[in-house]
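# Commentary on secondary and tertiary structure
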Amino acid sequence: MKAITFDDFGAADVLRLTDVPVPQVRPGDVLVKVHAAGVNRADLLQRQGYYGHQRYGESDLLGLEVAGEVVAVGSDVDDLRPGERVMAIVGGGAYAEYARADRGMTVRIPENLHFLAAAAVMESFVTAWEAAVHLGGIGKGEAILIHAAAGGVGSAAVEIAHALGARVFATANAERRADVRGLGAEAVFDYRAEDFEQCVGAATGGRGVDVIVDFVGGDYLARNLRSLAPGGRLVQVGLLGGQDSATIPLSVLLHNHLRLIGTVMKSRTTVEKRAMARRFADGALPMFADGRLKPLVGKVLPLAQAAEAHRAMEAGGGFGKIVLKVAA
C-alpha cells in the first residue's frame, strides 16, 4: 500500500510517498480502507523529532485519525462488518491507504457526514469533549473560556460548550473573531491586543468563569487562575506558548478552591483512549447526527501532498481542520 514515510527528522520536505506493507489485523482490531485522514499538530512534532524515538502508538507512520470503510475485522470483533463506514483514533498509521484501528477507538460515521468531514472529528472532538466536559465538567448555564479557539481542538470545544448551553468566551486573533463567534462564542478576545484576564472580569461582572481550557501555557497560567470563579477548573491541554515552566499563584489556587488538571491524548494508554472514545460516542456523537455539532474542514489535500499539508499547518492562520484525501 502507499503511505507517507520519512527517514530522518526534519522539515516537511522529509515526507515522501512510498510502499509499505498493509498492517496485520489482530483479534481486537478493524482494518480500514482510509478515505481521509486528519492532520494534527502532533504529526508535525513527531516529524520534527519532538518525541524522539518514543512510541506512543502502534505504528511509526504519521497520522492519528482516519475515516474510511471497514475491509476486515479481528476474531474478537462481532459488532462491525466489512463495508461499514467508520472513523477512528489510531496509534499512528493514518497517512496510508489502509490503517489498523482498535475497535474500542472506532465509531460508526453518522449518516449525514461524508468521509472528509468525518476525518476532522475524532482527534479534535474527542480531546475537546475530554477537556471541557469530562475533566472540566462544563454544564448548562456555566461560563467557559477557551484559548486558541480558532484551532482544531479549541474550535471543537467552543461548539461543544455552546451545544451544552454554556456561556462561551474565547481567545483568538482578530482575523478569526467572527469565525469563532459563528461557532457559538458570546465574546472573542484578541489575544494580541487585549488582556483576556481583564476582558473575562468585565464580561462576568468580576466573578470569573467556571472552566478554562488552555492550549498555551507559560505566562497564561497565573492569569488563567485569576480568571476562574471560586471552585473553577483549569484544564491544561497543550503548551503552544513553548514555555514548560510557569509561576503558580498558590494563594489564588487555595483561597478560591481551584483545580488544575493536565491532559494529553498521545501519551494515554490504550485503555484510557478507549474510555475517552466511549465518552465521546455516548455524549457527543448524537450531536453530530442531529446537527448540533459540525466538523470544521478548512483545507483538503491529496495524500501525496502531505508535506504541503504540514507546511500549511506550520504557517498557521487557517480555520478548520487540514484533511488528507486518500481514496475517492
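Here the structure is shown first, and the text comes after it.
The model shown is predicted, which means the values in this text are computed figures rather than measured ones.

For the rest of this paragraph, the subject is the sheet that holds strand β8 (residues 143-146). Within a beta sheet, neighbouring strands are joined by backbone hydrogen bonds and run either parallel or antiparallel to one another. Pairing is parallel across the open sheet formed by 6 strands, whose spatial order is β10-β9-β8-β11-β12-β13. Every interior strand has two partners, whereas the edge strands, β10 (187-190) and β13 (259-262), have only one. Adjacent strand axes in the sheet meet at a mean angle of 15° when their direction is disregarded. The sheet contacts of helix α4 (residues 152-163) involve β8 and β9 (167-172), and relative to β8 the element is tilted by about 170°.

For the rest of this paragraph, the subject is α4. Compared with the 16 Å implied by 1.5 Å per residue over 12 residues, the 17 Å span of α4 between its first and last C-alpha is a close match. In terms of burial, α4 is largely enclosed, as 9 of its 12 residues are buried. The complete set of buried residues in α4 reads Val153, Gly154, Ser155, Ala156, Ala157, Val158, Glu159, Ile160 and Ala161. Glycine 165, located one to two residues past α4, shows a positive phi value of around 90°.

All right, on to the environment of serine 227 then. If you trace the backbone, serine 227 turns up in the loop between α7 (220-226) and β12 (228-236). Along the sequence, serine 227 and methionine 1 sit 226 residues apart, while their C-alpha atoms lie 51 Å from each other. Setting aside chain neighbours within four positions, we find serine 227 in contact with Phe196, Glu197, Val200, Gly208, Val209 and Ile212. A distance of 2.7 Å separates a polar side-chain atom of serine 227 from the backbone oxygen of arginine 223.

Definitions and cut-offs
Residues numbered from 1 in each chain as written. Predicted model: local features only at pLDDT ≥ 70, side-chain atom pairs only at ≥ 80, totals over all residues. Heavy atoms only, no water. Pairing = 2+ DSSP bridges. Helix = DSSP H or I, 4+ residues; strand = E, 2+ residues; numbered from the N terminus. Axes fitted to C-alpha atoms, helices over the stretch in contact; angles between N-to-C directions. Contact = heavy atoms within 4.5 Å. Expected span 1.5 Å × (residues − 1). Buried < 20%, exposed > 50% of the residue type's maximum accessible area, 1.4 Å probe, protein only. Polar contact = N/O pair within 3.5 Å; in protein donor to acceptor, adjacent residues only side chain to side chain.

Just geometry here; none of it tells us what the structure is for.
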